[in-house]
Amino acid sequence: MSDINVKGIKVKEDNKQQSVDVNQQPRALVAIPDNLPVLPLRNLVLFPYNVNSISVGQARSLKLLEDVAAGNNLLATLAYKDQDVEEPAPLDLYQVGCIAQILRISKGENNHSTVLLQGLDKFSVDAWLSEKPYLRAKIHLVTDIEPEAGDIEAQAIRNNLLKSFSELINILSYLPKSLVSALSQTEDCRQLVYLVSSSMRMNMADAQDILNMKDVVAKMLKLTDLIQHEMKVLELGKKIQSSAHGEMDKAQRDYVLRHQIKAMQRELGEEDSQQIKIEQYLKKIETSGMSTEAEEQARQEISRLEHIPQSSSESGVILTYLDWLLALPWKKTTEDTLDIKQAEKILNEDHYGLEKIKQRILEYLAVRQLRQKRLLTKPLDERASSPHIRREREGVILCFVGPPGIGKTSLGHSIAHALGRKLVSISLGGIRDEAEIRGHRRTYIGAMPGRFIKALRDVGTNNPVILLDEVDKIVGDQRGDPASALLEILDPEQNSEFRDHYLEVAFDFSQLMFIATANQLDNIPGPLRDRLEVITLSGYTDDEKFHIAKRYLLPRQLRENSLRVKELTINDAAMLTLIRQYTREAGVRSLDRRLGAICRKLVIKIATKSGKSLTVDNAMLEELMGKPPFSYDLAERTERPGVATGLAVTAVGGDILFIEASAMPGKKGLTITGQLGDVMRESVEAGLSYVRSQAKQLGIAEDFFEHTDIHIHVPAGATPKDGPSAGVAIITALVSLLTDRPIFHHIGMTGEITLRGLVLPVGGIKDKILAAHRAGLTTVILPSKNEKDLTDLPESIQKEMRFVLAEHVDTVLDEALTKPIQ
């Protein structure tokens, strides 16, 4: 031990424990400059009067110590705000700290130095001067507000602080008992506060608060509160430790008694029901075929169960977990039926049309068949050295995208039927919690596995077809992102060892066949969409709906309403009227409901006239269903100039929309209504700009906009609309209005426009043309670069409709506008 006298304060150093002579002067006797180098302190707030030994390892801090030691030995210390910051900037440090004097520097190992610092006085940062080679700041000293001499209240608070600190020392083992008597000798309340603060263990925020405070009385009150809180925590810890020791003794006693009871039951021939359960579980584990990891986990749980009372709630949790492990089909597999001809027959029986979709499904099944046949024909030794059959990549994951009611889900059922596999449908619409996919951890009360593990338990095989219905309607929130949780399940490189949070053991998902369905591709997150092969299903034509209704929908409704085939027929004209005037959809779901309503209404008539059959014609259809709810009225809607028929794609398929333009006296006003999105509003502005720039060539007065206001409206204002494909319809409506030339009512159009009048390609051509056909349009104008999309149309549509391919707006206007009136 060595004694060092520093600026009037006697310091004794022994293994970082310092004691001070409290009767020394309260402030340092050295001149403090107004700018000093700053040494950041991690996990430490240095107080005045305090001596601390710290280890320094940062290069810039070592440079600072070297420079200061060669000068006046004075530096400023500031504590870190965030203790995890490696090399703090000025904003990472508190602004109030303590000026310190270096008493000694000792070099250690690994380029570290140990420095002994003496706290002198409190300061605040005025400005930061530099950051290299180390931090330097302009500072000013901060004077604490001390109580006046003879202040009785301050004296009482001081005494209470000393009393509380004395009680704390009696509880703590690391502080000497003589410290209180040494501190009680000082009359300086400020010095007392800082000495007590430096002796206590407190968090950084509380230590910095005490340093920041200017009022010494407030410092004493806060310090007293911290001491009282610390004592309560220590007393509670002792109580808990004593209670835990008593409970441990009781547990040991219960353990011995339980073993004695088991021994007596064996002697008396009585068997423990808990032991019987355990033996049954052990037998099931041996025959379950579960993986080695799962078996080890199950045996660990059984070992825990043996030492837990049967009445304990934990016993029920373990039994539920074991039931889940044993219920899973670890080795139960259905054999695939890879007969392509049989699969084609099933698809044709279940679905009308969709030829390209069926062809793609058959290709998918053929690849699986060929791969399995070639692998099974390998010699046994080659198969042994090859990857496991089931670990080979299962192929793509099909995703059927299209409007509601066109048969996406039923296609999944048909694939499962063709393969001879069981089918599990998991509806993902509206799922918000990631635990629905991965399961809940067993630490939660009522924890359960995720939907995929539940599905495998319910279906009883480890290779079913999993139909992920409405995958585009998954919603993430603060509980997690279910779409991200699906990534691992759908990735063939990862899903062979999927771990549900509840099971906590790997289960092989590589044998599963996944099929997804969605209405809109844009709503599927990019990483998830990247794992899917998208097959787009467009809406049905009227002819396809007619055959679907005759072959599938009507016979099913007859069965469901207990009618015989001969008792009710709908003639062809009435069926087409029902399709065209009572439904407006891409699929056949609404048509199915209408047919069901007809059957229910006629059941009464047939029941009262036994043996008589009924035929529904157009007259009876209107009598049963009322006036037709849908009528496009194309001729009436477009008979006046300024109305164009556009084509659009919605979540439920293609549709037509009317673009209306109106002019009125004004001055360069443009009003856009109909709840249009930003892209569509920009198309309106671009269209008007083109018309203004080409006014002379179009036969329009060049200054028409100077004294005219234009209003563009798209009806069905309650429905949001957006996209660039209405550009040609907007320009056509404007030119029609300004030249007083109506647009042919049998023409629909789609295409994006540029300021130069070019017509750019757009998407959804097939859905738009099908919508035009349903609406009774006979001519469709579309971008010339969309010509390739016409090959996807049914042959009947191609024969019945005329298509005009346009590269420039001039072609659109020549085709769509009637000749000017002479």
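Criteria and thresholds
Residues numbered from 1 in each chain as written. Predicted model: local features only at pLDDT ≥ 70, side-chain atom pairs only at ≥ 80, totals over all residues. Heavy atoms only, no water. Helix = DSSP H or I, 4+ residues; strand = E, 2+ residues; numbered from the N terminus. Buried < 20%, exposed > 50% of the residue type's maximum accessible area, 1.4 Å probe, protein only. Contact = heavy atoms within 4.5 Å. Axes fitted to C-alpha atoms, helices over the stretch in contact; angles between N-to-C directions. Parallel < 35°, antiparallel > 145°, perpendicular 65-115°, else oblique. Left-handed = near helix turned anticlockwise from the far one by under 90°. Nonpolar A, V, L, I, M, F, W, Y, C, P; charged D, E, K, R; others polar. pLDDT = per-residue confidence, 0-100. Patch = residues over 30% accessible without salt bridge, like charges linked within 9 Å, V, L, I, M, F, W, Y side chains within 5 Å. Areas by Shrake-Rupley, 256 points an atom, 1.4 Å probe, with all protein chains shown as cover. Salt bridge = Lys/Arg side-chain N within 4 Å of Asp/Glu carboxyl O. Lys, Arg positive; Asp, Glu negative; His and termini not counted. Charge placed at Lys NZ, Arg CZ, Asp CG, Glu CD. Pairing = 2+ DSSP bridges. Phe/Tyr/Trp six-rings, centres within 6.5 Å; stacked < 30°, edge-to-face > 60°. Lys NZ or Arg CZ within 6 Å of the ring centre and 35° of its normal.

### Focus: the overall build of the chain
So, step 1. Within the chain, the regular secondary structure consists of 27 helices and 27 strands.
So, step 2. Going through the 822 residues of the chain one by one, you find that 46% of them count as buried.
So, step 3. Look at the contacts in the chain between residues 6 or more apart in sequence, and 72% of them connect residues 24 or more apart.

### Remarks on the packing of helix H18 (residues 542-560) against helix H20 (residues 589-608)
So, step 1. For the pair H18 and H20, the least separation of the axes is 10 Å and the interaxial angle reads 45°. Relative to H20, H18 is oriented oblique. Here H18 runs over H20; the crossing is right-handed. When H18 is examined against H20, the residues Lys545, Ala549, Leu553, Leu554, Arg556, Gln557 and Leu558 are found in contact with a partner set consisting of Leu591, Asp592, Leu595, Gly596 and Cys599.
So, step 2. For the contact of H18 with H20, the residue count by class is seven nonpolar, two polar and three charged.

### Points about the confidence of the model for the chain
So, step 1. Chain-level pLDDT for the chain is 82 on average; 88% of the residues reach the 70-or-more range.
So, step 2. Below a pLDDT of 50 lies the segment residues 1-26, which in the model reaches 56 contacts outside its immediate sequence neighbourhood of four places, other chains included.
So, step 3. Confidence over residues 383-393 falls short of pLDDT 50; this stretch has 20 contacts with residues more than four positions distant or in other chains.

### Some details on the packing of helix H10 (residues 340-350) against helix H13 (residues 408-419)
So, step 1. Direction vectors running N to C along H10 and H13 enclose 150°, while the axes themselves pass 9 Å from each other. By the criterion of interaxial angle, the relationship of H10 to H13 is roughly antiparallel. For the pair H10 and H13, the sense of crossing is right-handed. For the pair formed by H10 and H13, the contact residues are Ala343, Ile346, Leu347 and Asp350 on the first element and Leu411, Ser414, His417 and Ala418 on the second.

### Regarding the environment of Arg681
So, step 1. Mapped onto the elements of the fold, Arg681 is located in helix H23 (residues 678-693).
So, step 2. Overall, the relative accessible area of 33% leaves Arg681 in the partly exposed class.
So, step 3. Distance in space between the C-alpha atoms of Arg681 and Gly727 is 9.8 Å, their sequence separation being 46 residues.
So, step 4. For Arg681, the contacting residues outside a window of four places in its chain are Ile672 and Leu676.

### Examining a negative patch on the surface
So, step 1. A contiguous patch of negative charge, built from Asp678, Glu682, Glu685 and Asp722, is present on the exposed surface.
So, step 2. Relative to the assigned elements, Glu685 resides in helix H23.

### Overview of the pairing of strand E6 (residues 74-79)
So, step 1. Of all the six residues making up E6, six are buried; the element is thus mostly covered by neighbouring parts of the structure.
So, step 2. Across four bridges, the pairing between strand E4 (residues 35-41) and E6 is parallel. Paired with Leu39 across the two strands is Thr77, which belongs to E6.
So, step 3. Where E6 lies against strand E7 (residues 96-107), four bridges are found, and the strand directions are antiparallel. Counterpart to Leu75 in the pairing with E7 is Ala100.

### Things to note about the packing of aromatic side chains
So, step 1. As enumerated under the stated definition, the model contains nine aromatic pairs in all.
So, step 2. Between Phe452 and Phe509 the ring centres are 6.3 Å apart and the planes differ by 40°, which places this aromatic pair in the tilted class. Here the residue Phe452 occupies a position in helix H15 (residues 451-459), and Phe509 occupies one in the loop between strand E14 (506-507) and strand E15 (513-518), the gap between them amounting to 57 residues. The same class applies to Phe452 and to Phe509, which are both buried.
So, step 3. By the ring-pair criterion, three or more aromatic residues cluster together here, those being Trp330, Phe452, Phe498, Phe507, Phe509 and Phe514.
So, step 4. When the ring centre of Tyr281 is taken as origin, the NZ or CZ atom of Lys284, which lies over that ring, is 5.8 Å away.

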